[in-house]
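# Breakdown of the fold
So you can see what is in the structure, the chains are spelled out below.
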Amino acid sequence: ALYAPTTASDYAADRTFGIRTMAVRLGVSRTLLVGFVFQVLSVVVLVFGWSQRWFPFDGPAYAGMGELWPFLVLQVVFYAIFLRRATVGKIWALLLFLSILQGLGVILMLWRFVGQQAWAP
């Protein structure tokens, strides 16, 4: 899901220099649409795995996922918003927001996974 917008952001330069990326092959709009579909699928897979309590959601991480759903939903919402009339600036903003949300989500999940404990220095 994150690969698609990175290729779309460099579309003009890649096309000029003959670099065959996903965006050069599919075009910016289709590439962003593919990335959006992958983002939605990743959330669906997480929802399904979480609902079935599959690893790693069979222990402390199960409860931790409850706090992460807003971050996952926001990723889909931001992707949908930035798909419309994509510009280079909007694509970079999308990458920034997705990176922040995924980073915060991973940090929160790891914190819950270790039992909300920090190691002593």
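Cut-offs applied
- Residues numbered from 1 in each chain as written.
- Predicted model: local features only at pLDDT ≥ 70, side-chain atom pairs only at ≥ 80, totals over all residues.
- Heavy atoms only, no water.
- Helix = DSSP H or I, 4+ residues; strand = E, 2+ residues; numbered from the N terminus.
- Buried < 20%, exposed > 50% of the residue type's maximum accessible area, 1.4 Å probe, protein only.
- Contact = heavy atoms within 4.5 Å.
- Expected span 1.5 Å × (residues − 1).
- pLDDT = per-residue confidence, 0-100.
- Patch = residues over 30% accessible without salt bridge, like charges linked within 9 Å, V, L, I, M, F, W, Y side chains within 5 Å.
- Areas by Shrake-Rupley, 256 points an atom, 1.4 Å probe, with all protein chains shown as cover.
- Salt bridge = Lys/Arg side-chain N within 4 Å of Asp/Glu carboxyl O.
- Core = buried A, V, L, I, M, F, W, Y, C linked by side-chain atoms within 4.5 Å.
- Phe/Tyr/Trp six-rings, centres within 6.5 Å; stacked < 30°, edge-to-face > 60°.

Another point: the environment of W92. One can find W92 in helix α6 (residues 88-113). The exposure class of W92 is partly exposed, given its relative accessible area of 46%. Expressed as a C-alpha distance, the spacing of W92 and T6, which sit 86 residues apart in the sequence, is 7.9 Å. For W92, the contacting residues outside a window of four places in its chain are S9 and D10.

Bringing helix α4 (residues 28-51) into the picture now. Given a rise of 1.5 Å per residue, 24 residues ought to cover 34 Å, and the 35 Å separating the end C-alpha atoms of α4 matches this to within 8%. Within α4, burial applies to T31, L32, G35, F36, Q39, V43 and G49. Just beyond α4, the residue with positive phi is R53, at close to 55°.

Moving on to the confidence of the model for the protein. The predicted model of the protein averages 85 in pLDDT, with 93% of residues at 70 or higher. Per-residue pLDDT, averaged within each element of the protein, yields its smallest value for helix α5 (residues 60-83) (83) and its largest for helix α3 (residues 22-26) (94).

Moving on to a nonpolar patch on the surface. Taken together, the side chains of L33, V37, F38 and L41 make up a nonpolar region of the molecular surface, amounting to roughly 360 Å² of accessible area. Structurally, the position occupied by L33 is in helix α4.

Take the nonpolar core next. Within the largest apolar cluster, 16 residues are counted, with the highest numbers of intra-cluster contacts made by M65, L72, Y79 and L94. Where this core is concerned, the elements lending two or more residues are α4, α5 and α6. Looking at this core, the element that brings in the most residues is α5, giving eight residues. Sequence-distant contacts of L72, that is, excluding residues within four places in its chain, are made with V43, L46 and M65. A23, L32, I91 and L95 belong to the second largest nonpolar core, which has five residues in total.

The subject of this paragraph is α6. Taking 1.5 Å of rise per residue, 26 residues should cover 38 Å, and α6 covers 37 Å from first to last C-alpha, within 8% of that figure. Listed in full, the buried residues belonging to α6 are I91, L94, L95, L98, L101, G105 and R112.

Enumeration over the complete set of coordinates arrives at six aromatic pairs. On the basis of an interplanar angle of 55° and a centroid distance of 6.4 Å, the ring pair of F78 and F82 is categorised as tilted. Of this pair, F78 and F82 both sit in helix α5, four residues apart, which is roughly one turn of the helix. Measuring from centroid to centroid gives 4.8 Å for F78 and F97, while their planes differ by 20°, and the two rings are stacked. Highlighted residues: F78 in helix α5 and F97 in helix α6, separated in sequence by 19 residues. Three or more aromatic residues link up through ring pairs in this structure, and these residues are F78, F82 and F97.

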